[in-house]
Amino acid sequence: MLKRTMMISLLSGCAFAPSAYAQSEAGTGEGSGGDIVVTAQRRESRLQDVPQAVTAFGSEALERLAIRDTESLVRNTPSLTFTPVGPGESNIGLRGLSTDLGLAPAVAVYINDTPFDFRTDVYSGTPSIDLFDMQRLEVLRGPQGTLFGSSSTGGTIRFITNQPDPSAFDAHGETFVNSVKGGGEGFGAKAAINLPLSANAALRLTGTYEKIAGYIDRYDGTLAGFSAPQSADTLAEKNANGAEVFGIRAAVRLEAGDDLTLTPSLFFQRINGDNPIATQTNLPGFGRASAIGSEPSRTDLFVANLTVEKKLGDIDLVSSSSFLRKKADSLHDYSLFSHNIFGEFAPFGSRTPGKADTYAQELRLTSSNSGPFNWIAGLYFSHTNQTLGEDFEGQAFSDLLNDLFGPADGPVGPNSYNYIQKTSEQQIAGFAEINFKATDQLELIAGLRVYQLKNTLEASCREAIPGVLCGEDSPRGTAKTTSASPRFTVKYQPIENATLYATVSRGFRAGGANAAISPALGCVLAESAGQVFNPDSVWNYEVGAKVETSDRVLTVNGAAYRIEQKGIQLSIPDPCGIQFFANAGDARIDGAELEMSLRPSRHVTISGQMSYTDATFSSVPADFGASAGYAKGDPIPETPRWKFSLSSELRHPVSDAWEVYARGAWQHVGKTPFGIDGALNSGRFRPAYDIANFDIGAESGTIDVSLFVRNAFNKRGILGIGSGAVSTISGVFENVTYATPRTIGLTVRIKG
């Protein structure tokens, strides 16, 4: 009761919406009078004038709301969800549209104009981008298929970095330390510098490093330990799930003339994880895990981009050329695989290397904002080659196969199984959008994207004893889809500070194929689904309103929508022990979002957001839906019905140079249905949880010092649950990912 009273006292009077901070930031957009300027429509617009649901955070808002990673972004954004898959990586969902491992994402992610156009894989999802030196972050909710293309069925997240500025030198940085309850210590340092090279050129460099504290103890696993309610395995490593994240960004801006600007940029990020972030429910304490040896992971992300901006009279030409490379490698204990499938415990590990190369090119022409007609048109091309592999490493497992299935043709070494899957995905598209201002109050918007998707897959499998786990090699197969994604919007502004809109829009995502399965495994369910799964698509019907008072003290934004999804792509476990992909039926998603903010003075800010999402299957395949454990009317996995956050900040000047401040935030995530897994998970939910964060600090014009507490009441919020024939002994325990325990720390920022 005391905890709840303290929280309510601090947050009393809070209204709804984190974008309030962004709305009131000074200097976020030239000539905007303090309003944040976004590019959700591929042209600069005041956020409150954009006729769609957008949550935007400027640099000040990111600091005030303690948004540092994907997890904290999710808890401050309506309808945004995530499922962690490894240190610093997750699968992201929006408005009930989520992504299973191995599929193309349902939410497009951009850094500036570069899309992260690659599929997730076994233990690697969308990397969490460090938000230091970020100009702003935009979350575009709802399908964005017309302007942003494939994988934007749920929406699009855009990371907009600070750009080089030839007008002035600037440098800023921060350092921090923290300690996790029951775990280790973390620390980090970040810095950015803007160097004018001439009157027309500048260089901007940003570097970040963070040591993430571990809090899960790893025990050397045995079968007895895995299956016992209280494991007596030997402690192998304290705080074993620590990680290191290193990143660097570099950009040069060259103003080659009055009408030509060149901006080449590079971005590199490396995530080194010591062990998985999941614990096991048969073990006591906040975090314990058993495994045969350590389970390290590493992900490298490299992005190179050249942006050319050319003014052609009243038309702006933008060319964005990008190359992305993502490399991931991880080792996981698969010892239970042998027990679940073959009835014997034979320790071994599964190594999952992966690599993806993407080339993306976009050309855009944008008209000026004068006159009743404005338009944007462009061409887009992307090509991704991705290789995913799986290797089984362990002499004991090789010996087990030898004993069960007879001697191999040659010596059986520790590497008993090798699977390689190669995919190639190509998108060619043309898009256009026209804005017609019929009157001073009424604007009509129509857009269309015509696209062709081409997907190929080939797979090969080798094993020490043929016919046990490998299916036949899959020859190179190709699937093509040609379609269109329209968008229609009516925008009405009855008064100066109110925007009403209605939208119909479509989004789409590429399909793919399953690799062949060994007949020896008896995977009847997977075989019934077939080898190829088709693209899925959504239609979105939405109405919304954005209202603010004339003095901009109060802002209220809201939206209501219905989404019809066809051919949902899901990863479904077969009882035989493998996962397969399928178009798992159709869905209907009804939802509403509300964002509000109140800033009666520069010393007081109260804000928050709320979302309601009712996502259910409207139909399921007759051939395997019931066997997979779900039916019409069941909830869509990974989508909480309710989610909201409340936050406030109080500031008080103590001298001409210094102010002190106190901040509090309360974030709630409702109960969440989790992955389809037959009898194990049918109708099951992760429980609702609440997270409270507090900050107290002091700042001047050049320095900011703050003490912070994250997850102040040490709530064990469950972020993810994994179970199934491969990773667990059915019915004995599950792998659970919790929110990080209470973390206390100190941050020092040097302002530019």
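What counts, and where the lines are drawn
Residues numbered from 1 in each chain as written. Predicted model: local features only at pLDDT ≥ 70, side-chain atom pairs only at ≥ 80, totals over all residues. Heavy atoms only, no water. Helix = DSSP H or I, 4+ residues; strand = E, 2+ residues; numbered from the N terminus. Buried < 20%, exposed > 50% of the residue type's maximum accessible area, 1.4 Å probe, protein only. Areas by Shrake-Rupley, 256 points an atom, 1.4 Å probe, with all protein chains shown as cover. Pairing = 2+ DSSP bridges. Axes fitted to C-alpha atoms, helices over the stretch in contact; angles between N-to-C directions. Salt bridge = Lys/Arg side-chain N within 4 Å of Asp/Glu carboxyl O. Arc of directions from axis to C-beta. Parallel < 35°, antiparallel > 145°, perpendicular 65-115°, else oblique. Left-handed = near helix turned anticlockwise from the far one by under 90°. Contact = heavy atoms within 4.5 Å. Polar contact = N/O pair within 3.5 Å; in protein donor to acceptor, adjacent residues only side chain to side chain. Phe/Tyr/Trp six-rings, centres within 6.5 Å; stacked < 30°, edge-to-face > 60°. Lys NZ or Arg CZ within 6 Å of the ring centre and 35° of its normal. Disulfide = S-S within 2.5 Å. Core = buried A, V, L, I, M, F, W, Y, C linked by side-chain atoms within 4.5 Å. pLDDT = per-residue confidence, 0-100.

A separate point is the overall build of the chain. From N to C terminus, the chain includes 11 helices and 45 strands. For the chain, buried positions account for 56% of its 752 residues. Of the roughly 28,800 Å² of accessible surface on the chain, a fraction of 58% belongs to carbon and sulfur atoms.

Sheet architecture is open: three strands sit in the order β15-β14-β19, paired in mixed fashion. Edge positions in the sheet fall to β15 (235-237) and β19 (288-291), since each has one partner strand and no second. Across the sheet, the axes of successive neighbouring strands diverge by a mean angle of 45°, strand direction being ignored. Where strand β14 (residues 217-220) meets β19, four bridges bridge the pair, whose relative direction is parallel. Counterpart to Asp220 in the pairing with β19 is Ala291.

Another aspect to go through is the pattern of salt bridges. If you walk through the whole model with that rule in mind, you get 52 salt bridges. Measuring nitrogen to oxygen at the nearest pair gives 3.7 Å for the salt bridge that ties Lys491 to Glu443. With a gap of 48 residues between them, Lys491 in strand β27 (residues 474-492) and Glu443 in strand β26 (residues 442-463) connect regions that are remote in the sequence. With respect to class, Lys491 is no different from Glu443; both count as buried. Between Arg651 and Glu699 there is a salt bridge, with its nearest N and O atoms 1.9 Å apart. Taken together, the residues span a long stretch of sequence, with Arg651 in strand β37 (residues 642-653) and Glu699 in strand β41 (residues 689-699) at a distance of 48 residues.

Attention now moves to helix α8 (residues 395-405). Restricting attention to buried positions, one finds in α8 the residues Phe397, Ser398, Leu400 and Leu401. Viewed along the axis of α8, the buried residues span an arc of 155°, placing them on a single side of the element. One or two positions beyond α8, positive phi appears at Gly406, with a value near 90°.

Across the interface, helix α7 (residues 335-342) lies against α8 with an axial gap of 11 Å and an inter-helix angle of 15°. Regarding the angle of α7 to α8, the classification is roughly parallel. Crossing angle aside, the handedness with which α7 passes α8 is left-handed. Residues Phe337, Ser338 and Phe342 of α7 touch α8, and the partners they reach there are Phe397, Leu400, Leu401, Leu404 and Phe405.

Our focus in this paragraph is the side chain of Arg509. With respect to the element layout, Arg509 can be found in strand β28 (residues 498-509). At 2.9 Å, the side chain of Arg509 and the backbone oxygen of Ala104 are in polar contact. Among the polar contacts listed, one links the side chain of Arg509 to the side chain of Asp536, at a separation of 2.6 Å.

Glancing now at the sheet that holds strand β7 (residues 114-115). The mixed open sheet is built from five strands, whose spatial order is β3-β9-β10-β6-β7. With partners counted over all chains shown, the strands left at the sheet margins are β3 (54-58) and β7, one partner each. As paired elements, β3 and strand β9 (residues 134-141) share five bridges and run antiparallel to each other. Each residue of the ladder has a partner; that of Gly58, found in β9, is Arg136.

A positive phi angle, close to 65°, is found at Glu638, a residue other than glycine. Classification of Glu638 as buried rests on a relative accessible area of 13%. Its identity is not glycine, yet Asn711 carries a phi of approximately 50°, on the positive side.

So, about the packing of aromatic side chains. For the structure on display, the rule yields 19 aromatic pairs. In textbook terms, an aromatic cluster arises when at least three aromatic residues are bridged by ring pairs, as seen for Tyr334, Phe342, Phe348, Phe392, Phe397, Phe405 and Tyr417. Geometry around Tyr561 places Arg95 over its ring, the cationic atom sitting 4.1 Å from the centre.

Burial analysis of strand β4 (residues 80-86) places seven of its seven residues in the buried class, the great majority of the element. As defined by bridge partners, β4 adjoins strand β5 (residues 89-94) across six bridges and the pair is classed as antiparallel. Bridge pairing links Leu80 to Leu94 in β5. Between β4 and β5, which pair antiparallel and follow one another directly, the connecting turn spans two residues, one of which, Gly88, has a positive phi of 75°.

Following the criterion strictly, the structure yields one disulfide and no others. Covalent S-S linkage joins Cys461 and Cys470, the inter-sulfur distance amounting to 1.9 Å. Residues Cys461 and Cys470 share a disulfide whose torsion about the S-S bond is about -65°; that sign makes it left-handed. The burial state of Cys461 is the same as that of Cys470; both residues are buried.

Glancing now at the nonpolar core. The biggest cluster of nonpolar side chains holds 42 residues, and the ones touching the most others in it are Phe342, Phe397, Leu469 and Ile572. The dominant element in this core, judged by the number of residues it contributes, is α8, at three residues. Once you skip the residues sitting within four places of it in the chain, Phe342 turns out to touch Phe337, Phe397, Leu400, Leu401, Leu404, Phe405, Val468 and Leu469. Membership of the second largest hydrophobic core comes to 33 residues, among which are Ala61, Ile67, Leu73 and Phe159.

As for its position among the elements, Asp165 is in the loop between β10 (155-161) and β11 (170-180). Considering only alpha carbons, one finds Asp165 and Val252, 87 residues apart in sequence, at a separation of 9.1 Å. Filtering out sequence-adjacent residues up to four positions away, Asp165 remains in contact with Asn194, Pro196 and Ala202.

Here 10 bridges tie β11 to strand β12 (residues 185-198), and the two strands are oriented antiparallel to one another. In the sheet register, Asp170 faces β12, and the bridge partner there is Asn194. Note: β12 against strand β13 (residues 201-212), 11 bridges, orientation antiparallel. Each residue of the ladder has a partner; that of Asn194, found in β13, is Arg204. Hairpin geometry of β12 and β13 is characterised by an intervening segment of two residues between the two adjacent antiparallel strands.

When you line up the elements, Ser45 lands in strand β2 (residues 45-46). Relative accessible area serves as the criterion here: at 15%, Ser45 is assigned to the buried category. Excluding its chain neighbours within four sequence positions, the residues that come into contact with Ser45 are Ile36, Val37, Val38 and Val50.

Here we take up the confidence of the model for the chain. When the pLDDT values of the chain are averaged, the result is 85; 89% of them are 70 or greater. Throughout residues 1-33 the model reports pLDDT below 50, and contacts reaching past four residues in sequence, or to other chains, amount to 90 contacts. In the model, residues 724-728 has pLDDT below 50 throughout and makes 20 contacts with residues more than four positions away in sequence or in other chains.

Take the environment of Pro637 next. Structurally, Pro637 is set in the loop between α10 (625-628) and β37. Taking the C-alpha atoms as reference, Pro637 lies 9.5 Å from Leu570; in sequence the two are 67 residues apart.

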